[in-house]
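# Results of the structural survey
Listed here are the chains, written in short residue letters.
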2 protein chains.
Amino acid sequence: MALNHAIMTALLDDRLSGYELTKAFDTSLGFFWKASHQQIYKALRDLEQQGLLESEDVPQAGKPDKVIYGLTEGGREALDAWVLGDSKATESKDDMFVKFYNLSADNAAHLREELAQRRQHDGERLALYRRIRARHYAQPESLPVRRRGIYLALLAGIRHCETRLAWAEEADALLASVIPERQSASAR
Amino acid sequence: MALNHAIMTALLDDRLSGYELTKAFDTSLGFFWKASHQQIYKALRDLEQQGLLESEDVPQAGKPDKVIYGLTEGGREALDAWVLGDSKATESKDDMFVKFYNLSADNAAHLREELAQRRQHDGERLALYRRIRARHYAQPESLPVRRRGIYLALLAGIRHCETRLAWAEEADALLASVIPERQSASAR
DNA sequence: GAGCTATATGCAAACTGTTGCATAGCATAG
DNA sequence: CTATGCTATGCAACAGTTTGCATATAGCTC
């Protein structure tokens, strides 16, 4: 299970609580691996039981107490070993492409709207990636080794968004040509 | 569940057996939605029970008998309605990017190998897409409407592969610079 | 004749992920 | 003062996917 390894990866530098990890999985590593808090809390308990993480209760004033987790020596070794194993690429599944196989004059306007939402989303994501890049990865050659790996992942994210946005323009033009002339997407 | 709708989409033009659908999901629609035969046979039975598909037993000589499925009127309507609903994009998950977050001098050579495998795979996939494009989608403007949708999906696949391949070159160069000089990926 | 591949379908268990709900204190906005 | 949202953790049910196994016939190769 890669979720476990993604969590351990997030704990390489910092000792974090489940809640903090959940937030980390909304950004950063979460760009490449999504996880809900339910998944994360469960994985943390499992990993601790396997001896790959150790935990510490941290009482807090004005907030609920929390439990922070850190990698054990065994966890670090397990993570290193995992990286050296083979990884399988989970092929991405996207409803929208299946819908494109159903394109018709009746649904072209709808698909165009969905596409516009994707463009919005990809545009925001791209802007975020670029900000992160400018702030933290402006000179990849001078980064420490591990940070260069993160830079490459970020770069893949950037390229991916750019490609999707460019494709969306072509797709939008083609969809527009399919929509019956008498009405546009927003006509009643 | 989009698998059900992907199956119905595959049955838009043809009446197919579970086995034939399984093969179809290895190519074509399967480029955007993977499914195993166990999933497909189960989905077919479910869909028939819901009245969205109807089946017919086809005895065969020299081969096991088969059951072919076709869309019912209700199935066609259900599919049309589904296309008009909202779709959620399943964020793709990829072990390899998590591994990049763990880049070190010790594992750079291994990651480079994994990357080479991906390049190989993406390259083959791209070549296949291009062949399909050249054969069946050379003039998208003159295609019937639904085929234009499929063309757009194919185009997305092409762009995606191209982007990944270009990124892989950059990544490879950076990884090479991280690998300790005294040994290459294949050194003992 | 033994083993491999292809056709054709299916069950069952295990794993992974999503959704809904629950608790509980504190802060901030209206 | 009430509603909302944040911090912080967790259970339980369901949905979806993967993996391993099972069956049966036919043709091909060694």
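Residues numbered from 1 in each chain as written. Chains lettered and ligands numbered in written order. Predicted model: local features only at pLDDT ≥ 70, side-chain atom pairs only at ≥ 80, totals over all residues. Heavy atoms only, no water.

### Brief notes about the relation of the copies chain A and chain B
Overlaying chain A on chain B yields an RMSD of 0.1 Å, the required transformation being a rotation through 180 degrees with an accompanying axial translation of 0.0 Å. What we have between these two chains is a two-fold relation. Minimal C-alpha separation from the rotation axis in chain A is found for Ser92(A), amounting to 2.5 Å. When the interface residues of chain A are mapped onto chain B, 98% of them are again interface residues, pointing to one common binding face. (Least-squares fit on C-alpha atoms with pLDDT ≥ 70 in both. Contact = heavy atoms within 4.5 Å.)

### Quick word on the sheet that holds strand β2 (residues 53–58) of chain B
All names here are of chain B. One open sheet accounts for three strands, arranged β1-β3-β2; its pairing is antiparallel. Because the sheet does not close on itself, it has two edges, and the strands there are β1 (16–17) and β2. Pairing of β2 with strand β3 (residues 66–71), which is carried by six bridges, proceeds in the antiparallel orientation. Paired with Val 58 across the strands is Lys 66, a residue of β3. (Pairing = 2+ DSSP bridges. Helix = DSSP H or I, 4+ residues; strand = E, 2+ residues; numbered from the N terminus.)

### Digging into a negative patch on the surface
Together, Glu73(A), Glu77(A), Asp80(A) and Asp106(B) give the surface a local cluster of negative charge. As for its placement among the helices and strands, Glu73(A) is situated in helix α4 (residues 73–84). (Patch = residues over 30% accessible without salt bridge, like charges linked within 9 Å, V, L, I, M, F, W, Y side chains within 5 Å. Areas by Shrake-Rupley, 256 points an atom, 1.4 Å probe, with all protein chains shown as cover. Salt bridge = Lys/Arg side-chain N within 4 Å of Asp/Glu carboxyl O. Lys, Arg positive; Asp, Glu negative; His and termini not counted. Charge placed at Lys NZ, Arg CZ, Asp CG, Glu CD.)

### Remarks on the side chain of Asn102(A)
One can find Asn102(A) in the loop between α5 (95–100) and α6 (108–136). If near-sequence neighbours (up to four positions away) are discounted, Asn102(A) is found in contact with Asn107(A), Thr9(B), Leu12(B), Leu79(B), Val83(B) and Arg146(B).

### Some remarks on the interface of chain A and chain B
Across the boundary between the two partners, chain A contributes 62 residues, which contact 61 residues of chain B. A combined buried area of about 6,000 Å² lies between chain A and chain B, and 65% of that area is made up of carbon and sulfur atoms. In this structure, the connection of chain A to chain B is made through two salt bridges. Glu170(B) serves as the salt-bridge partner of Arg159(A), at 2.8 Å between the closest nitrogen and oxygen. (Buried area = accessible area lost by both parts, 1.4 Å probe.)

### Observations regarding the protein's contact with DNA strand D
Near DNA strand D there are 20 residues, and of these Tyr19(A), Gln38(A), Arg45(A), Gln60(A) and Val67(A) occur at the shortest range. Within the contact set of DNA strand D, a phosphate oxygen lies 3.4 Å away from a side-chain nitrogen or oxygen of Lys93(A). Between DNA strand D and Gln39(B) there is a distance of 3.1 Å, counted from a phosphate oxygen to a side-chain nitrogen or oxygen. Looking at the surface near DNA strand D, the element that brings in the most residues is helix α3 (residues 37–49) of chain A, giving four residues. For the surface near DNA strand D, a count of residues per class yields six nonpolar, nine polar and five charged. (Near = heavy atom within 4 Å. Polar contact = N/O pair within 3.5 Å; in protein donor to acceptor, adjacent residues only side chain to side chain. Nonpolar A, V, L, I, M, F, W, Y, C, P; charged D, E, K, R; others polar.)

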